[in-house]
Number of protein chains: 2
Amino acid sequence: MRFLHTADWHIGKKLHGYSLLEDQLHVFDQMIQLAKQEKVDGIIIAGDLYDRSVPSVDAVERFNQMIIKLNLEEKFPVFAISGNHDSAIRLETGGPWFRQSEFHLHTRLEQAFHPVEFGEVQLFLLPYFEPSDARIYFDNKEEIRTIEQAMTVVIEEIKKQFKPEMAHVLVSHFFAAGSAKSDSETKLTVGGLDTVPLDLLEDFDYVALGHLHNKDALISDSIRYSGSPLKFSLSERKQEKGVWIVDVEEKKVDLSFHPLLPKREIKELQGTFKELTQQEFYESLDRKDFMFIQLTDRAVIPNMMYQLRKIYPNILGVERVYGRENDQKILAKEISVKQLSPLELSKQFFEEMTEEELTNQQEQWLNESLDAIQQKERGK
Amino acid sequence: MRFLHTADWHIGKKLHGYSLLEDQLHVFDQMIQLAKQEKVDGIIIAGDLYDRSVPSVDAVERFNQMIIKLNLEEKFPVFAISGNHDSAIRLETGGPWFRQSEFHLHTRLEQAFHPVEFGEVQLFLLPYFEPSDARIYFDNKEEIRTIEQAMTVVIEEIKKQFKPEMAHVLVSHFFAAGSAKSDSETKLTVGGLDTVPLDLLEDFDYVALGHLHNKDALISDSIRYSGSPLKFSLSERKQEKGVWIVDVEEKKVDLSFHPLLPKREIKELQGTFKELTQQEFYESLDRKDFMFIQLTDRAVIPNMMYQLRKIYPNILGVERVYGRENDQKILAKEISVKQLSPLELSKQFFEEMTEEELTNQQEQWLNESLDAIQQKERGK
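Remember, predicted model here, so these are calculated numbers, not experimental data.

A separate point is the overall build of chain A. Looking only at helices and strands, chain A features twelve helices and 18 strands. Computed over its C-alpha atoms, the radius of gyration of chain A comes to 27 Å, more than 25% above the 21 Å expected for a compact globule of 380 residues. Projected onto the principal axes, the alpha-carbon positions of chain A cover approximately 90 × 50 × 35 Å. Looking at chain A alone, contacts between residues at least 24 apart form 69% of all its contacts between residues at least 6 apart. Carbon and sulfur atoms provide 49% of the accessible area of chain A, an area that totals close to 18,500 Å². Across chain A, 46 positive and 64 negative side-chain charges occur, with their mean positions spaced 5 Å apart.

Right, here's the structure in full:
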């Protein structure tokens, strides 16, 4: 059986305020092409379909289109679970109908104990859950406090369903011990209480994980994070994004990684303001990419952001690699502050804070406001 | 073909702060029993399934249970639309899968032009829409400004799909001209621009409407509001709630109304405080009902709400039918106000506003606060 393994779609997520819906569609289209080309038998989505428990209407519409295309139009069986970013109950709407066309979407712990049988493979779809869910399911055993304790009894229960002649695949969404984290997975407790030791997972032929966005978070022949199909934070900018194609037979797994190309890359640009704004430099770039700009000069640059944005429409941020000149001038300025007029003082403050100069209109407003204040003062 | 016609479930709605989820389940169970007993061929739900565009998780869970029971367990075909309270896009999640088991849920205008053929009946499921939706669909015709103008072209388009040998049923959600309103349908523009004249609907064998909560809002042999299955506001307290059973053949309709019994009724209680709190009186009542209390006495009653709530746990409100005694005494009091101590004055104010007396603890706090203020005044 050949599966495409993906996870962490986070439909609706924004990158520094920029909508990624078009970017998400772009990699999704490649995913479908790949699935057809590689003739996969099914698609595994290991949680975090949405970015929020109450996704926006736009995100819902986009996700609906994708999953209709995948399951109803292209007729791929889909094996999916909810992740920690999803609302299990909201997501399960429609679940019982989805099954009719081999779209299996598990959102509750107990569903993991009813494997989906698909050819020679038993798929255990174990959604994200809290230790308290396991405590309730296993009759309030007080000893279940950590996710490790919970997973121990859950995996035990799952194994009771094993049919020995079949291959066993676990689809799940958690932090497996040994994995490394990046910025955009939130709320991971430090200290290991929320991690799951890998030896618990030994008896599965393949474990398809979601949660961590880096496909290399865990290097193993049979336990893998797919990573997210897109870069969702600056800290992910060097990660390769894509999906796994997995051939699973009993006691035998073949894995190959297939990259997906983003509509807009995350790029770092380093140089002086003058270099970055020279036409021969920026014309060689794909300026629709998301740019993280590292300025090497230290001088104050009037209207900096405005000028940069005219050239690079999707700026994620600007960093001054060596600090700014005026950081050293502050002391000297403090001394002269009392000699400046309120207008000069305000202008200087604005420029220091925004690295932009006041427009004529802004300067006029400022002047009028200062006048009004002074008149009021005199009136007292 | 025999249909059960219902609408305006408003799952998640609260009545003066009280959750109605249990009450909604209670009438839903009766609806299912009735559908089985009357051997209906399908269930029509004419919009406003939820009360809000983003229903609570509890509401989503309850609605999911109901619709699974109706369609997947009891195997009733369901013909439903979104109403003005629903988010069309959120609701349409799952729509394409629902169809596989004859659960037809239309949320977009254009779906109305693809009738569902069910035996000898063509069902046109026309969800709630705005004039602007019609303007876009019909190629930006500027003349479409009102819902009447929009419905004129929409109905015209629908009629093009009529198969003459079949019966034609319209399921929709709007304010038909001639209907009377109650409190809990919100944002109905006064003046008739948002109403649909009945003659537009003449060519249908049956029009199953939702929107107005009163089943008698419109009296007609072939155009009907089902009304809501529950009373959702005080103003609905005298309305009979239930569903229609409709037999539809070409050019022939038979209608019968079947009441549903609420778990908790809305009742009005009128009498003096003494009467209403007498055991022999209140023991004859079902005190779990929602009570709207009309007090006939005019005297100030200490701790009134507290005492009433001990007897009647679900009070919607208390009205003084003849006003309160002290309304007439205000003038006399105003004269004497200057002779009262701050403590007396505050106590009187509290009692007039709350109809309750200060407890000893409250009186002590008040005393301490007044002392503190006086000391501060003296310190100046």
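Once you've had a look at it, read on.
What follows is about the packing of aromatic side chains. Residue and element names in this part refer to chain A. Here the structure, examined in full by the defined rule, presents 36 aromatic pairs over all chains. Measuring from centroid to centroid gives 5.7 Å for tryptophan 9 and phenylalanine 28, while their planes differ by 75°, and the two rings are edge-to-face. With a gap of 19 residues between them, tryptophan 9 in the loop between strand E1 (2-6) and strand E2 (14-15) and phenylalanine 28 in helix H1 (residues 21-37) connect regions that are remote in the sequence. A relative accessible area of 3% means that phenylalanine 28 is categorised as buried. Considering the side-chain rings of phenylalanine 98 and phenylalanine 103, the 4.5 Å spacing of their centres and the 20° angle between planes classify their relative orientation as stacked.

All names here are of chain A. The buried fraction of strand E12 (residues 206-210) amounts to five of the five residues, a majority that puts the element mostly inside the structure. The alternating pattern of E12 places Tyr206, Ala208 and Gly210 on one face and Val207 and Leu209 on the opposite face, and all of these are buried. In the sheet, E12 pairs with strand E13 (residues 223-225) via three bridges, with the strands oriented parallel. Bridge pairing links leucine 209 to tyrosine 225 in E13.

Let's shift gears to the relation of the copies chain A and chain B. What connects the two chain copies is a rotation about an axis and a shift along it. Each copy superposes on the other: chain A lies on chain B with an RMSD of 0.5 Å after a rotation of 180° and an axial shift of 0.6 Å. This pairing of chains is accounted for by a two-fold axis. Closest approach to the rotation axis among the C-alpha atoms of chain A is made by glycine 94 of chain A, whose C-alpha sits 2.5 Å away. Residue by residue, 100% of the interface of chain A is reproduced at the interface of chain B, so both copies engage with the same surface.

What follows deals with the environment of glutamine 279 of chain A. Mapped onto the elements of the fold, glutamine 279 of chain A is located in helix H8 (residues 279-282). Sequence separation between glutamine 279 of chain A and aspartate 58 of chain A is 221 residues; the distance between their C-alpha atoms is 37 Å.

Time to look at the nonpolar core. In summary, soluble globular proteins display a tendency toward joint burial of nonpolar side chains. Ranked by internal contacts, the top residues of the largest apolar core, which has 87 residues, are Leu70 of chain A together with Leu70 of chain B. Filtering out sequence-adjacent residues up to four positions away, leucine 70 of chain A remains in contact with Trp9, Phe28, Ile32, Ile43, Ile45, Lys75, Phe76 and Val78 of chain A.

Glancing now at the interface of chain A and chain B. Contact residues are listed per partner, giving 23 residues for chain A and 23 residues for chain B. Summed over both partners, the interface of chain A with chain B comes to about 2,000 Å²; 67% of that surface belongs to carbon and sulfur atoms. When residues of chain A are sorted by the area they lose upon contact with chain B, Ile89, Arg90 and Trp97 of chain A head the list and together hold 34% of the total. Here chain A is connected to chain B by zero salt bridges. Between chain A and chain B we count eight residue pairs in polar contact (both at pLDDT 80 or more) in total. The set of elements that each furnish at least two residues to the side of chain A that touches chain B consists of helix H2 (57-73), helix H3 (88-91) and helix H4 (95-98) of chain A.

What follows is about the side chain of serine 226 of chain A. Residues and elements named next belong to chain A. Inspection of the secondary structure puts serine 226 in the loop between E13 and strand E14 (242-249). A polar side-chain atom of serine 226 sits 3.0 Å from the main-chain amide nitrogen of alanine 7. Discounting residues that sit within four places of it in the chain, serine 226 has contacts with His5, Thr6, Ala7, Leu209, Lys215, Gly242, Trp244 and Phe257.

This part covers the pattern of salt bridges. This model, assessed by the stated rule, comprises 42 salt bridges over all chains. Between arginine 108 of chain A and glutamate 92 of chain A there is a salt bridge, and its shortest N-O distance comes to 2.8 Å. With a gap of 16 residues between them, arginine 108 of chain A in the loop between strand E6 (103-106) and strand E7 (116-118) and glutamate 92 of chain A in the loop between H3 and H4 connect regions that are remote in the sequence. Aspartate 289 of chain B is the salt-bridge partner of lysine 267 of chain B, the closest N and O atoms lying 2.5 Å from each other. With a gap of 22 residues between them, lysine 267 of chain B in strand E16 (residues 266-271) and aspartate 289 of chain B in the loop between helix H8 (279-282) and strand E17 (290-295) connect regions that are remote in the sequence. For aspartate 289 of chain B, a relative accessible area of 3% puts it in the buried group.

Residues and elements named next belong to chain B. In space, the five strands of this open sheet follow the order E7-E8-E9-E12-E13, with mixed pairing throughout. Each of the sheet's edge strands pairs with one partner strand only, and the pair in question is strand E7 (116-118) and strand E13 (223-225). For this sheet the average axis-to-axis angle between neighbouring strands, irrespective of direction, equals 20°.

Before going further, it helps to examine the pairing of strand E12 (residues 206-210) of chain B. In terms of strand pairing, strand E9 (residues 167-173) of chain B meets E12 of chain B through five bridges, oriented parallel. Its bridge partner being in E12 of chain B, histidine 173 of chain B is matched across the sheet by glycine 210 of chain B.

So, about the sheet that holds strand E15 (residues 252-259) of chain B. Residue and element names in this part refer to chain B. Spatially, E6-E5-E4-E1-E14-E15 is the arrangement adopted by the six strands of the open sheet, whose pairing is mixed. Only two strands of the sheet have a single partner each, and these edge strands are strand E6 (103-106) and E15. The average angle at which neighbouring strand axes cross in this sheet is 20°, direction not considered. Of the pairings in the sheet, the one linking strand E1 (residues 2-6) to strand E14 (residues 242-249) comprises four bridges and is antiparallel in character. Among the inter-strand pairings, leucine 4 is bridged to a residue of E14, identified as isoleucine 245.

What follows is about unusual backbone geometry. For residues besides glycine, phi is generally negative; the peptide bonds are generally trans as well. All names here are of chain A. Phi angles above zero are rare outside glycine, and histidine 16 is one such case at about 45°. Inspection of the secondary structure assignment puts histidine 16 in the loop between E2 and strand E3 (18-19). Positive phi, normally seen in glycine, also occurs at lysine 75, with a value near 60°. Assignment of secondary structure puts lysine 75 in the loop between H2 and strand E5 (78-81).

Looking now at helix H6 (residues 147-159) of chain A. Residue and element names in this part refer to chain A. Along its 13 residues, H6 runs 18 Å from first to last C-alpha, staying within 8% of the 18 Å computed at 1.5 Å per residue. Those residues of H6 that sit buried are Ile147, Ala150, Met151, Val153, Val154, Ile155, Glu157 and Ile158. On its buried side, H6 packs onto strand E8 (121-125), helix H5 (131-137), strand E9 (167-173) and strand E11 (195-196).

This part is about the domain arrangement of chain A. Domain parsing of chain A yields domain 1 (2-259), domain 2 (266-320) and domain 3 (340-378). One C-alpha centre belongs to domain 2 of chain A, the other to domain 3 of chain A, and the line joining them spans 28 Å.

In this section: the environment of isoleucine 155 of chain B. You can see isoleucine 155 of chain B is positioned in helix H6 (residues 147-159). Once the C-alpha coordinates of isoleucine 155 of chain B and aspartate 203 of chain B are considered, the two residues, 48 residues apart in sequence, prove to be 9.6 Å apart.

Another aspect to go through is the packing of helix H1 (residues 21-37) of chain B against helix H2 (residues 57-73) of chain B. All names here are of chain B. Contact geometry of H1 with H2 gives a least axis separation of 11 Å together with a crossing angle of 5°. Relative to H2, H1 is oriented roughly parallel. For the pair H1 and H2, the contacting residues are Leu21, Glu22, Gln24, Leu25, Phe28 and Ile32 in the first and Asp58, Ala59, Arg62, Met66, Lys69 and Leu70 in the second. Residue classes in the contact of H1 with H2 are distributed as seven nonpolar, one polar and four charged.

A few words on the confidence of the model for chain A. Mean pLDDT over chain A: 89, with 92% of residues reaching 70 or higher. Interface scoring of the predicted complex returns ipTM 0.71; its pTM is 0.77.

Criteria and cut-off values
Residues numbered from 1 in each chain as written. Chains lettered and ligands numbered in written order. Predicted model: local features only at pLDDT ≥ 70, side-chain atom pairs only at ≥ 80, totals over all residues. Heavy atoms only, no water. Helix = DSSP H or I, 4+ residues; strand = E, 2+ residues; numbered from the N terminus. Rg over C-alpha atoms; globule rule 2.2 N^0.38 Å. Contact = heavy atoms within 4.5 Å. Areas by Shrake-Rupley, 256 points an atom, 1.4 Å probe, with all protein chains shown as cover. Lys, Arg positive; Asp, Glu negative; His and termini not counted. Charge placed at Lys NZ, Arg CZ, Asp CG, Glu CD. Phe/Tyr/Trp six-rings, centres within 6.5 Å; stacked < 30°, edge-to-face > 60°. Buried < 20%, exposed > 50% of the residue type's maximum accessible area, 1.4 Å probe, protein only. Pairing = 2+ DSSP bridges. Least-squares fit on C-alpha atoms with pLDDT ≥ 70 in both. Core = buried A, V, L, I, M, F, W, Y, C linked by side-chain atoms within 4.5 Å. Buried area = accessible area lost by both parts, 1.4 Å probe. Salt bridge = Lys/Arg side-chain N within 4 Å of Asp/Glu carboxyl O. Polar contact = N/O pair within 3.5 Å; in protein donor to acceptor, adjacent residues only side chain to side chain. Axes fitted to C-alpha atoms, helices over the stretch in contact; angles between N-to-C directions. Expected span 1.5 Å × (residues − 1). Domains from an automatic or database assignment. Parallel < 35°, antiparallel > 145°, perpendicular 65-115°, else oblique. Nonpolar A, V, L, I, M, F, W, Y, C, P; charged D, E, K, R; others polar. pLDDT = per-residue confidence, 0-100.

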